[in-house]
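If you want the building blocks of each chain, they are given just below.
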Amino acid sequence: MKVYYNEYKARKGLFKVKIVIDDGNIIKDIYITGDFFIYPEEVIWIIEDSLKGVKFEEETVSSIIRDVFAKEDAVLVGCTLDEFIKTIMEARPVE
């Protein structure tokens, strides 16, 4: 297992992501934190739960996040959905 991390300073907030990925490139755990705003707030937990058990690849991760945002009618304040996804996908192994 490897731990990946990234942070991104958006216009109005800081995103931090920590991802635990197994040897098969499967997300075992993911934590998305920071001082950003998302409505409704529980969407962040829905995204984290939805990403567990999936392959850490851009097409899959992006599709799941976009589906959750659409289904929950979620809104990010201070950054775009693309920036949010990019922060997750640019996470790199912690040495």
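Moving on to the sheet that holds strand 3 (residues 27-34). Note: strands within a sheet are paired through backbone hydrogen bonds, in either parallel or antiparallel orientation. Read across the open sheet, the 4 strands follow the order 3-2-1-6; overall the sheet is antiparallel. The open sheet terminates on both sides in strands that have one partner only, identified here as strand 3 and strand 6 (92-93). Where strand 2 (residues 13-21) lies against strand 3, 7 bridges are found, and the strand directions are antiparallel. Looking at the pairing, Val17 lines up with Ile32 of strand 3.

Here the focus is helix 1 (residues 43-51). All buried positions along helix 1 are accounted for by Val43, Ile44, Ile47, Glu48 and Leu51. In an axial view of helix 1, the angular spread of the buried residues amounts to 140°, which keeps them on one side of the axis. Exposed side of helix 1, more than 90 degrees from the buried face: Trp45 and Asp49 are the residues found there. Looking at the packing, one finds that the buried side of helix 1 touches strand 3, strand 4 (37-39), helix 2 (58-72) and helix 3 (81-89). Following helix 1 by one or two positions, Gly53 has its phi on the positive side, about 90°.

Before going further, it helps to spend a moment on the environment of Glu48. Checked against the element boundaries, Glu48 lands in helix 1. On the basis of relative accessible area, Glu48 is assigned to the buried category, the value being 11%. Distance in space between the C-alpha atoms of Glu48 and Ile64 is 10 Å, their sequence separation being 16 residues. Among residues more than four places away in sequence, those in contact with Glu48 are Ile30, Tyr31 and Ile32.

What follows is about the pairing of strand 1 (residues 2-10). As defined by bridge partners, strand 1 adjoins strand 2 across 9 bridges and the pair is classed as antiparallel. Considered in strand 2, the bridge of Glu7 is made with Lys16. What sits between the antiparallel neighbours strand 1 and strand 2 is a turn of 2 residues. Taken together, the 2 bridges between strand 1 and strand 6 define a ladder with antiparallel strand orientation. If you follow Tyr4 over to strand 6, its bridge partner there is Pro93.

Parameters at a glance
- Residues numbered from 1 in each chain as written.
- Predicted model: local features only at pLDDT ≥ 70, side-chain atom pairs only at ≥ 80, totals over all residues.
- Heavy atoms only, no water.
- Pairing = 2+ DSSP bridges.
- Helix = DSSP H or I, 4+ residues; strand = E, 2+ residues; numbered from the N terminus.
- Buried < 20%, exposed > 50% of the residue type's maximum accessible area, 1.4 Å probe, protein only.
- Arc of directions from axis to C-beta.
- Contact = heavy atoms within 4.5 Å.

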